[in-house]
Structure formats: structure tokens, C-alpha cells
Amino acid sequence: MEKVGMFEGLVYISGQCDIDSIIGYIIGTLLCLGSICSYIPQYYIIIKNKTVGDINELSLILLNIGNFCLSLNSVIVNWSKWKCFEVCGFWLCMAHLLPFYQILMGWLMVFIFYMLFMKYKIRNRETKFLAAILYGLMYIGFIVIVVSISIGEKVWNSGPDQNLFFRVFAEVLGYFSAVFNCVAWLPQIYTLIKLGESNNLSPWMFALQTPGNVIVIIFQAVLFSQPVSTWITYLITCVEQTLILIIIVVYHFRDKKIQENQEFLENWEVRGELESFA
């Protein structure tokens with residue numbers, strides 16, 4: 001009995017509800033869980049320190065916009081896969097949509113990161129109206145785009161021109177995401193170098209996400225054949241996060257060395273005082 005199963009881009013292909021790759025499904029699930037786990041150390045540091053002094057707000061805004069564009073790119077690229085639920089098993093269809101869930105999870109984690117940032121920035125009376133306006137405009141844009149996609153879905157199968165439009169739209173969103181993510185971490189790198197400290201950034205977050213980006217590229221490009229516009233963002237992010245991780249590690253050992261020197265001098269002074277009394 002023939003069923004509808006496999007998909008290619010926006011075109012729905014008649015075939016069988018086959019399993020693609022068990023390894024791919026396992027990796028996709030682990031990436032979703034890993035995305036959550038990688039941000040937990042950063043959330044913990046912000047809540048513990050109750051300050052966000054050396055975290056760059058512009059970087060967070062750009063990351064949110066970039067990850068939102070990438071999520072919408074993935075929605076469009078994987079749109080036809082939602083039809084899987086009409087004929088195939090629930091868990092098989094969920095597995096087919098893992099590339100989308102993995103990207104969506106990344107956006108949600110960045111969104112929570114920004115909300116925590118704003119909470120403590122407002123509490124410390126450091127808020128800026130410009131940032132709030134920019135973020136508000138981003139979500140107005142979000143509503144407009146989602147409504148546009150909903151209307152567009154009504155004419156999805158009315159002809160090849162509509163399919164071509166959404167293919168191009170998805171590609172544009174993907175490369176927009178790459179542009180935003182290309183510059184997203186640059187303000188943070190500048191802030192780190194300018195302040196010479198990284199007290200509110202978690203090295204564990206970057207240590208987990210940097211190799212994770214490489215795994216994501218393999219998962220998206222090789223195992224699930226997603227277009228370049230979907231995974232190029234992770235390649236750019238990997239380079240910038242590697243640089244930030246190096247800066248954080250250098251600052252850590254520098255501070256450790258300074259602390260050791262201070263302790264040595266203090267001990268030396270105490271020893272000198274004791275010898276003078278003797």
C-alpha cells in the first residue's frame with residue numbers, strides 16, 4: 001500500500017513513510033537537548049551575579065533577529081513535511097522535523113537569554129529606550145511575516161510561481177540570518193576587549209556551543225540535506241564563538257595569575273613583618 005512519506009524542499013513527493021537515518025534522529029535529539037544545556041550555565045551566572053555589565057546588548061538583539069530569520073527559513077524549507085502527520089506515524093513525522101526543532105530551540109534559548117538580560121538591566125536602571133524600540137519592531141515584523149505566511153499558505157498549491165516565491169523567500173531569510181549572525185558577536189568581542197574582563201559570560205556556554213556548531217552543520221547539511229542558507233549561519237557563529245572562548249580563557253588565566261601574584265606578595269609582606277618582630 002502506497003503512502004505519502006518523503007519530502008524534498010517545498011515539493012511533496014509520493015512514496016513511503018520510510019526512516020531516513022536513525023543516527024541522524026539521535027543526533028538531532030541530542031542537539032535539541034544540548035542547546036538547552038549549553039545556555040543553563042549562562043542563565044545561572046546572570047541570576048547569580050544579578051548584573052549584566054559586560055554583556056553587549058546589541059549582540060543579543062542581532063542574535064535574536066538572526067535566529068528568528070533562521071527559524072522562519074526552516075519553517076518554509078520544511079513546510080511540506082507537516083503533511084506527514086496526515087498519513088504517517090506521529091513519532092516518524094516528529095523525527096522528520098528535527099532540523100526545524102533544533103533551529104527553533106536555538107532561537108528560544110537566545111530569547112530567554114535576552115529576557116534575563118533585560119530583567120537585570122532594568123532592575124539596575126540601565127535600560128535604553130532604543131533597544132526596547134528595536135526589539136519591539138522586530139516582533140512587529142514577526143507578526144507581519146507570520147500573517148503573510150499564513151495568507152500565502154492559502155495559495156501554496158495554486159501554481160509553481162507561489163512555490164518559487166517561498167523558495168526564494170526562504171533563501172533570503174537564511175542569508176539574512178547569516179548576515180545578522182556574522183556581525184552579532186562582533187559588538188560582544190569589542191566589549192570584552194574594551195573592558196578587559198568577562199565576569200558575566202559563561203565559558204561553559206561557549207565551550208559547549210563551539211563544537212556543537214560543527215555537529216549542527218553535519219546534521220543539517222549532510223544528514224538532512226538542508227540548503228546552504230540554513231546551515232551557513234552556524235559556520236559563521238562557530239568562528240566568532242571560538243574567538244570569544246579564546247578571549248575568555250585568556251582573561252581567566254590572566255586573572256588567576258594576578259591573584260596568585262597578589263597572594264604571594266601578601267604572604268611575603270606577612271612573613272617580613274613576622275621576621276621583624278622576631
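Remember, it's a predicted structure, so these values are computed and weren't measured experimentally.

1. A few points about the overall build of the chain
Right, so step 1: Along its length, the chain carries nine helices and two strands.
Right, so step 2: Along its sequence from the N terminus, the chain presents helices and strands in the succession β-β-α-α-α-α-α-α-α-α-α.
Right, so step 3: With 278 residues in all, the chain has 43% of them scored as buried.
Right, so step 4: At a minimum sequence separation of 6, the contacts of the chain that also span at least 24 residues come to 81%.

2. Topic: helix α2 (residues 57-77)
Right, so step 1: For α2, built from 21 residues, the straight-helix expectation of 30 Å at 1.5 Å per residue is met to within 8% by its first-to-last C-alpha distance of 30 Å.
Right, so step 2: Of all 21 residues making up α2, 20 are buried, and the element is well covered by its neighbours.
Right, so step 3: Taking the backbone nitrogen of L58 as reference, a side-chain oxygen 3.0 Å away marks N56 as the first, capping residue of α2.

3. Quick notes on the nonpolar core
Right, so step 1: Grouped together as the largest cluster of nonpolar side chains are 60 residues, with contacts concentrated most on I55, F113 and F206.
Right, so step 2: Elements supplying a minimum of two residues to this core: α1 (22-49), α2, α3 (90-96), α4 (98-123), α6 (160-184), α7 (186-195), α8 (203-223) and α9 (228-277).
Right, so step 3: Examining the composition of this core, we find that 13 residues originate from one element, α4, more than from any other.
Right, so step 4: Discounting residues that sit within four places of it in the chain, F113 has contacts with Y39, Q42, Y43, I46, I55, L60 and M205.

4. Some details on the packing of α2 against α4
Right, so step 1: Here α2 crosses α4 at 155 degrees, and the two axes come no closer than 9 Å. In terms of their interaxial angle, α2 and α4 are classed as roughly antiparallel. Between α2 and α4 the crossing geometry is left-handed.
Right, so step 2: Split into classes, the residues belonging to the contact of α2 with α4 amount to 17 nonpolar, five polar and two charged.

5. Details of unusual backbone geometry
Right, so step 1: With a phi close to 55 degrees, K50 is a non-glycine residue in the positive phi region.
Right, so step 2: If you trace the backbone, K50 turns up in the loop between α1 and α2.
Right, so step 3: With a relative accessible area of 45%, K50 lands in the partly exposed category.

6. With respect to the side chain of S59
Right, so step 1: Take S59: it is sitting in helix α2.
Right, so step 2: Each residue touching S59, except ones within four places of it in the same chain, is listed here: A184, W185, P187 and Q188.

7. Things to note about α1
Right, so step 1: Look at α1: 42 Å from first C-alpha to last across 28 residues, which is about the 40 Å you get at 1.5 Å a residue.
Right, so step 2: Restricting attention to buried positions, one finds in α1 the residues G24, Y25, G28, L31, C32, S35, S38, Y39, Q42, Y43, I45 and I46.
Right, so step 3: Taken from the residues just after α1, K50 is the one with a positive phi, measuring 55 degrees.

8. What to know about the pattern of salt bridges
Right, so step 1: Taken as a whole and judged by the stated rule, the model has two salt bridges.
Right, so step 2: Here E57 and K121 are joined by a salt bridge, their closest N and O atoms 2.3 Å apart. You can see E57 sitting in helix α2 and its partner K121 sitting in helix α4, a full 64 residues away along the chain. Per residue, the accessibility class of E57 equals that of K121, and both read buried.
Right, so step 3: A salt bridge links D255 to R254, with the shortest nitrogen-to-oxygen separation between them at 2.8 Å.

9. Concerning a nonpolar patch on the surface
Right, so step 1: A surface patch of nonpolar side chains, amounting to about 400 Å² of accessible area, comprises I22, I26, L30 and L33.
Right, so step 2: When you line up the elements, L33 lands in helix α1.
Right, so step 3: By relative accessible area, which is 48% here, L33 ends up partly exposed.

10. Focus: the confidence of the model for the chain
Right, so step 1: Within the chain, residue pLDDT values average 77, and 75% of them lie at 70 or more.
Right, so step 2: Element-level mean pLDDT values for the chain span from 38 in strand β1 (residues 3-8) up to 91 in α7.

11. Quick word on the packing of aromatic side chains
Right, so step 1: Within this structure, the stated rule accounts for seven aromatic pairs.
Right, so step 2: Relative to Y43, the ring of Y39 lies with its centre 6.0 Å away and its plane at 25 degrees, an arrangement referred to as stacked. In this pair, Y39 and Y43 both sit in helix α1, four residues apart, roughly one turn of the helix.
Right, so step 3: Ring centres 5.5 Å apart and planes at 55 degrees place the aromatic pair F100 and Y101 in the tilted group.
Right, so step 4: A relative accessible area of 19% means that Y101 is categorised as buried.
Right, so step 5: Grouping aromatic residues by their ring pairs yields a cluster made of Y39, Y43 and F113.

Conventions used here
- Residues numbered from 1 in each chain as written.
- Predicted model: local features only at pLDDT ≥ 70, side-chain atom pairs only at ≥ 80, totals over all residues.
- Heavy atoms only, no water.
- Helix = DSSP H or I, 4+ residues; strand = E, 2+ residues; numbered from the N terminus.
- Buried < 20%, exposed > 50% of the residue type's maximum accessible area, 1.4 Å probe, protein only.
- Contact = heavy atoms within 4.5 Å.
- Expected span 1.5 Å × (residues − 1).
- Polar contact = N/O pair within 3.5 Å; in protein donor to acceptor, adjacent residues only side chain to side chain.
- Core = buried A, V, L, I, M, F, W, Y, C linked by side-chain atoms within 4.5 Å.
- Axes fitted to C-alpha atoms, helices over the stretch in contact; angles between N-to-C directions.
- Parallel < 35°, antiparallel > 145°, perpendicular 65-115°, else oblique.
- Left-handed = near helix turned anticlockwise from the far one by under 90°.
- Nonpolar A, V, L, I, M, F, W, Y, C, P; charged D, E, K, R; others polar.
- Salt bridge = Lys/Arg side-chain N within 4 Å of Asp/Glu carboxyl O.
- Patch = residues over 30% accessible without salt bridge, like charges linked within 9 Å, V, L, I, M, F, W, Y side chains within 5 Å.
- Areas by Shrake-Rupley, 256 points an atom, 1.4 Å probe, with all protein chains shown as cover.
- pLDDT = per-residue confidence, 0-100.
- Phe/Tyr/Trp six-rings, centres within 6.5 Å; stacked < 30°, edge-to-face > 60°.

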